Amino acid sequence: MILVLAIFSLYTSFLSAGIHLQVKGGLHGREEETGTPVMVVCQGDDYVMQVTRDDGDLGDVVVNGVQDSPHFEVTRGGTSNSMIMENGRTKNTITHTYYLRPVTTGSYNLGPAVVEDNGRRVTSNTIDVRVVEPAAYDQFAGKRGAARQALACSIDVDVHEVYVGQPVTLTVTMEDDGQVMERGLQPPVFGKLQAQPIGKATSAQKVVNGQVKIVTKQDYAVSADSAGTYTVGPATAHFVVPDQDQANLMGGFFGSFFGQGGKKRTVRSNSTIIAVKPLPLSTEPVDGVGRFESIAVRAHKQVVELNEPITVTFSVIGNGNFDAIVAPTLQLPETMEVYPSTSSCVFDPAVPNKGTKSFEYIMQIGEQGVHEIPAQRFTYFDTIKGSYCTLLSEPVSIQVKKAKVVAGGQNTSVEKSAAQEKHPEVTKVYDGVSLPVIPWWWLVYLACFIACVLLKDMFYRWVLVCAEWAGITSEQKRQRAYLTRLIAEQEVGQVYSFFITLLVAEWRCDPQEIDAEYVKQRTHEWGWDFERSEGFASYIDRCSQAAFASQTMKESVKTELLDKTLYWYELVNGQLRRK
């Protein structure tokens, strides 16, 4: 008896000093031939794996057969620490949690988990696992296999080989048998690709081999800014299916009163590859990439008065990278002054990436006569022909008339004489026409007004110098106030222009040179560390994207950029002031 107790004591001591590996969920059974305990799990489902140690630090844990295995996907969870009192002794338990997803079917051995403790290896138990397909798992569990078998998620693209800037339509499709209680989608991993959802997800019912299918689809417009090979995916679909065990257990009155329970099922899609080719060299600026049908220039008025504002619209129609198309520079004669205004884009709901993008300009013409807006050019890379094409608009004629002058009514001779008798100093008559006589004191007012106009700049500079000397204002305060106003007005594009102007003045470079790599290089010369340089370069790069695609950028991204504006301004301004 003493020997048995001693052996039990040693065994307990070994367990307390060791670590334990467990997997929560799945089915517990035995192999038919050997009787060896085995855990049955379902391919594609998520399970919780935990490594626990009592009275010892876990530190870095390596679970053999799981980590770096092609058969399982493992995501690190959290670490918990609990203390309990057992037989008058405090025991500290540390647990590492992982999320385990079987990828391939087969029989595998999980573990042991290994920890290095003061130069000695501490190992855990092992677990035999058999991974089976969803239908087989449902049969083992005594459930219907139909609901699980019908769950599917896939990724498809309309073309796998494109050019830089060419949009690709990517479609994520989820399928189920209609018994699903809830559906959800975790979007694909796009990596360095630019992606925007196209509309909202659509659901439709169809019948395949006599079986009802609910098909849910979500389209994305995907494009790349540089050449290379990109992997998209996987996407993850989440379904809540009826829990048959809970329904059978509740049954009858309670089952119908409280409703049927549900279990979450996770289905991951395939991944797909998109090859992006560089654009050929071009001798002129490229306005777009895709297949464009036509461009049009339209003036809202054909007959106007001298210097009357005219709204002119430039529209491009077709299928292409509308998000990246900026307002073209109109080629106009010197008599026409033009100012860019707004832009808008209307997409065809039946054809992804097809639509019309319009730019509005405000124009003024400073000479009388008939003037013509010449034919405008739009050069794009045709992704089907593999070459550059140019579209031309039709010329637009505008007639400019002299501005109307409103003349007063003519007085009769009696009225003229009465006015002259009443105010002899006001009017004089020249060839029968009454002309006003300006009093001398009006000349004093006029002289003071001219002096104020001529000296206003000098007076303003004097006031500004006095205010800066007194500390009331400064260039930095004015810049900060300007940025504060831009943030309030959600003007991300003007925030980007502000920083570019500031950096060009400091670095004495061309604005076109300023990109993420250039910013990192020059800020390193300032003495900034790697993290700060990377952060500022990323901020400038994202502001650049917002400036050229503000209509399609999410509001949450704009808000995030605007929230960091004053932080980066203070850092850059502090650097400039130190110099």
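Above this note sits the structure.
Residues numbered from 1 in each chain as written. Predicted model: local features only at pLDDT ≥ 70, side-chain atom pairs only at ≥ 80, totals over all residues. Heavy atoms only, no water.

### Examining the overall build of the protein
So, point 1. Across its full length, the protein holds 13 helices and 32 strands.
So, point 2. Split into buried and exposed, the 579 residues of the protein put 34% on the buried side.
So, point 3. Looking at the protein alone, contacts between residues at least 24 apart form 69% of all its contacts between residues at least 6 apart.
So, point 4. When the accessible surface of the protein is split by element, carbon and sulfur atoms take 55% of a total near 35200 Å². (Helix = DSSP H or I, 4+ residues; strand = E, 2+ residues; numbered from the N terminus. Buried < 20%, exposed > 50% of the residue type's maximum accessible area, 1.4 Å probe, protein only. Contact = heavy atoms within 4.5 Å. Areas by Shrake-Rupley, 256 points an atom, 1.4 Å probe, with all protein chains shown as cover.)

### As for the pairing of strand β4 (residues 47-54)
So, point 1. The buried fraction of β4 is high, at 7 of 8 residues.
So, point 2. Across 6 bridges, strand β1 (residues 19-24) lies against β4 in antiparallel orientation. What sits directly across from Lys24, in β4, is Val48. (Pairing = 2+ DSSP bridges.)

### Some details on the pairing of strand β24 (residues 310-320)
Within a regular beta strand, the side chains point alternately toward one face of the sheet and then the other, so they alternate between its two faces.
So, point 1. Summarising burial for β24: 8 of the 11 residues are buried, a large majority.
So, point 2. In the sheet, strand β22 (residues 288-299) pairs with β24 via 9 bridges, with the strands oriented antiparallel. Residue pairing in the sheet places Ala296 in a bridge with Ser315 of β24.

### Notes on unusual backbone geometry
So, point 1. In this model, Gly111 is joined to Pro112 through a cis peptide bond whose omega is 0°.
So, point 2. For the bond running from Gly233 to Pro234, omega is 0°, close enough to zero to count as cis.
So, point 3. With respect to the helices and strands, the residue Pro234 is situated in the loop between β18 (228-232) and β19 (236-242).

### What to know about the pattern of salt bridges
So, point 1. In this structure the tally under the stated criterion is 16 salt bridges.
So, point 2. Glu284 serves as the salt-bridge partner of Arg377, at 3.5 Å between the closest nitrogen and oxygen. Of this pair, Arg377 sits in strand β28 (residues 377-382) while Glu284 sits in the loop between β21 (272-277) and β22, and the two are 93 residues apart along the sequence.
So, point 3. On the basis of relative accessibility, which here comes to 47%, the residue Arg377 falls in the partly exposed class.
So, point 4. Its relative accessible area of 31% is what places Glu284 among the partly exposed residues.
So, point 5. What you see here is one network of salt bridges that share partners, running through Glu73, Arg101 and Arg268. (Salt bridge = Lys/Arg side-chain N within 4 Å of Asp/Glu carboxyl O.)

### As for the packing of aromatic side chains
So, point 1. One pass over the full model with this rule turns up 22 aromatic pairs.
So, point 2. When the ring of Phe499 is compared with that of Phe536, the centres are 6.1 Å apart and the planes differ by 65°; the resulting orientation is edge-to-face. You can see Phe499 sitting in helix α9 (residues 492-507) and its partner Phe536 sitting in helix α11 (residues 530-548), a full 37 residues away along the chain. Of the two residues examined, Phe499 and Phe536, each falls in the buried class. (Phe/Tyr/Trp six-rings, centres within 6.5 Å; stacked < 30°, edge-to-face > 60°.)

### Overview of the side chain of Thr523
So, point 1. Relative to the helices and strands, Thr523 resides in helix α10 (residues 516-526).
So, point 2. A polar contact is formed between the side chain of Thr523 and the side chain of Ser533, at a distance of 3.0 Å.
So, point 3. Discounting chain neighbours no more than four positions away, the residues touching Thr523 are Trp507, Trp528, Ser533 and Phe536. (Polar contact = N/O pair within 3.5 Å; in protein donor to acceptor, adjacent residues only side chain to side chain.)

### Considering helix α12 (residues 555-563)
So, point 1. Every buried residue of α12 is listed here: Lys558, Leu561 and Leu562. Across the axial projection of α12, the buried residues extend over an arc of 95°, all falling on one side. Turned more than 90 degrees away from the buried face of α12, the exposed residues are Ser556 and Asp563. (Arc of directions from axis to C-beta.)

### Details of the sheet that holds strand β16 (residues 194-208)
So, point 1. Spatially, the 4 strands line up as an open sheet ordered β12-β14-β17-β16, and their pairing is antiparallel. A strand with exactly one partner marks an edge of an open sheet, and here the two such strands are β12 (152-157) and β16. Looking at each pair of strands side by side, their axes are set apart by 20° on average, direction ignored.
So, point 2. Of the pairings in the sheet, the one linking β12 to strand β14 (residues 168-176) comprises 6 bridges and is antiparallel in character. Bridging from a neighbouring strand, Val157 pairs with Leu170 of β14. (Axes fitted to C-alpha atoms, helices over the stretch in contact; angles between N-to-C directions.)

### Quick word on the sheet that holds strand β27 (residues 369-373)
The strands making up a sheet are joined through hydrogen bonds of the backbone, oriented either antiparallel or parallel.
So, point 1. Taken in spatial order, the 3 strands line up as β23-β30-β27 in an open sheet, and their pairing is mixed. In the strand order of this sheet, the two ends are held by β23 (303-305) and β27, each with one partner. Shown here is a sheet whose adjacent strand axes are inclined to one another by a mean of 35°, direction ignored.
So, point 2. Both β27 and strand β30 (residues 396-401) contribute to a ladder of 5 bridges, which runs antiparallel. Counterpart to Ile373 in the pairing with β30 is Val396.

### Side note on the environment of Pro349
So, point 1. With respect to the secondary-structure elements, Pro349 resides in the loop between β25 (336-347) and β26 (354-365).
So, point 2. Distance from Pro349 to Ile198, taken between C-alpha atoms, is 8.9 Å for residues 151 residues apart in sequence.

### Concerning the side chain of Thr565
So, point 1. Along the chain, Thr565 turns up in helix α13 (residues 565-578).
So, point 2. Residue Thr565 is classed as buried on the basis of its relative accessible area of 0%.

### Considering the packing of helix α8 (residues 475-488) against α13
So, point 1. Viewed as axis vectors pointing N to C, α8 and α13 meet at an angle of 160°, and their least axial separation amounts to 11 Å. Classified by the interaxial angle, the pair formed by α8 and α13 is roughly antiparallel. Relative to α13, the crossing made by α8 is right-handed. Facing Gln476, Gln479, Arg480, Leu483, Thr484 and Ile487 of α8, the residues of α13 in contact are Thr565, Leu566, Tyr569, Glu570, Asn573 and Arg577.
So, point 2. Residue classes in the contact of α8 with α13 are distributed as 4 nonpolar, 5 polar and 3 charged. (Parallel < 35°, antiparallel > 145°, perpendicular 65-115°, else oblique. Left-handed = near helix turned anticlockwise from the far one by under 90°. Nonpolar A, V, L, I, M, F, W, Y, C, P; charged D, E, K, R; others polar.)

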